[in-house]
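Here is how the chains run, residue by residue.
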Amino acid sequence: MNEMTLAEWLDTWYKLYAAPYLKTATLVSYDCYINKHIKPNLGDIKLSELNGLILQKFFNDKYQSGRLDKNGGLSKKTVLNIRQMLHAALKKALENDLIAKNYVEHVRLHKVTTAEMRVLTIDEQNRLIAVLNQHPDEYAIGVFLCLSTGIRVGEVCALRWSNVDYLRKVIKIRQTLQRLPNLNTNANQKTVIVINSPKSEKSIRDIFINDMLLEKLNTHREYIATRFGSQCTTEDQFILTRQVNKPVEPRTMQDAFKRFLKLAGIDEVNFHTLRHTFATRALESGIDYKTLSTILGHADITTTMNRYAHILDDTKKAAMDKILSQLFL
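Trainee: Can you tell me about the sheet that holds strand β2 (residues 170-173), naming the residues and giving the values?
Mentor: Strand order in the open sheet made by the three strands is β1-β2-β5, with antiparallel pairing throughout. The open sheet terminates on both sides in strands that have one partner only, identified here as β1 (164-165) and β5 (205-208). With four bridges connecting them, β2 and β5 associate as antiparallel partners. Paired with Val170 across the bridge in β5 is Phe208.

Trainee: So what about unusual backbone geometry? Which residues, and what values?
Mentor: Even without being a glycine, Asp97 presents a positive backbone phi close to 60 degrees. Positive phi, normally seen in glycine, also occurs at Lys169, with a value near 60 degrees. Tracing the sequence through the fold places Lys169 in the loop between β1 and β2.

Trainee: Quick one: what's the story with the packing of helix α1 (residues 6-18) against helix α4 (residues 76-95), residue by residue and with numbers?
Mentor: Relative placement of two packed helices is described by the angle separating their axes and the distance separating the axes. Between α1 and α4, the shortest axis-to-axis distance is 10 Å and the interhelical angle comes to 90 degrees. Viewed along their axes, α1 and α4 adopt a mutual orientation that is roughly perpendicular. Between α1, through Leu6, Trp9, Leu10, Trp13 and Tyr17, and α4, the contact on the second element is made entirely by Met85, Leu86, Ala88, Ala89, Leu90, Lys92 and Ala93. For the contact of α1 with α4, the per-class residue count stands at eleven nonpolar, no polar and one charged.

Trainee: Would you mind going over the pattern of salt bridges in detail, with residue names and values included?
Mentor: Going through the model one piece at a time under the given rule, you end up with 17 salt bridges. We note a salt bridge from Asp211 to Lys169, for which the minimum N-O separation is 2.9 Å. With Asp211 in helix α8 (residues 211-228) and Lys169 in the loop between β1 and β2, this pair connects stretches of sequence that are 42 residues apart. Take Asp211: its relative accessible area is 47%, and that puts it in the partly exposed class. Assessed through its relative accessible area of 31%, Lys169 is described here as partly exposed. Across the salt bridge formed by Arg221 and Glu235, the nearest N and O atoms sit 3.0 Å from each other. With Arg221 in helix α8 and Glu235 in the loop between α8 and β6 (241-243), this pair connects stretches of sequence that are 14 residues apart. Owing to a relative accessible area of 42%, Glu235 belongs among the partly exposed residues under this scheme. Several salt bridges converge on common partners, so that one network encompasses Glu138, Arg227 and Arg242.

Conventions used here
- Residues numbered from 1 in each chain as written.
- Predicted model: local features only at pLDDT ≥ 70, side-chain atom pairs only at ≥ 80, totals over all residues.
- Heavy atoms only, no water.
- Pairing = 2+ DSSP bridges.
- Helix = DSSP H or I, 4+ residues; strand = E, 2+ residues; numbered from the N terminus.
- Axes fitted to C-alpha atoms, helices over the stretch in contact; angles between N-to-C directions.
- Parallel < 35°, antiparallel > 145°, perpendicular 65-115°, else oblique.
- Contact = heavy atoms within 4.5 Å.
- Nonpolar A, V, L, I, M, F, W, Y, C, P; charged D, E, K, R; others polar.
- Salt bridge = Lys/Arg side-chain N within 4 Å of Asp/Glu carboxyl O.
- Buried < 20%, exposed > 50% of the residue type's maximum accessible area, 1.4 Å probe, protein only.

Structure below.
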């Protein structure tokens, strides 16, 4: 009989099957799920004693206890993420003949609902752009780039001048930047900046821009050179920076965004609203879902359609009015 505990197997799985292959951000999440949630509750249980009832009770309890949700329990999305990670770990245990069945497959969870997206109105968008033009500091171009191209905050923070192709008029998205908990527990720093490839292969993309955006980038480059030195504007340097080889971090960009919102008199929204606003304006201008999906770097077109289908309600209403009018001549 297999005497390995779930905690022992998770440590083995993390070392052999997760750490060598997954990105740092994913590993940080997995480390939290394993050590802060699964081990304290299920770690001592032997793999041979694991069953569906034990796992169902564990997940039910996670909705009631935890620290990530304001109501006291973990969010539905976090519980789902824990379930997906545990499923992957136990699948490998099954493949290695350590368990007879992957009982996680039969666990019942609450359905995860997507929160309604906040999109800037045309008036709000124009007021924000006016503020960005009136206060062209080292952060304004970052907000403008996200609003005008739909790139993520981590992607804009990772941009270097070498990612701007002036001849083709293209911004090349190749990396994303995050500050994450340091998995090296022996290090002095609790968090570290991690620059990695984007979320998926589709997120590695080229975004075409026009002369006006190139001119804004040039103006920003001149501003940085004047204020922080020309050494901050060479090809290998970050577009968003105040110091050589030191990028502006996502949290700093989010704080700057809040200041711009306040100046524009816009109710506080999160930074991701810029991406949603870009997508909304793109669909309103007639762009097709396939093209938009490519620009946004979604893994597939289904993600784009599910997220933004409601935006075209007016278009769908007009189409239905046209169809129905033909039936009542």
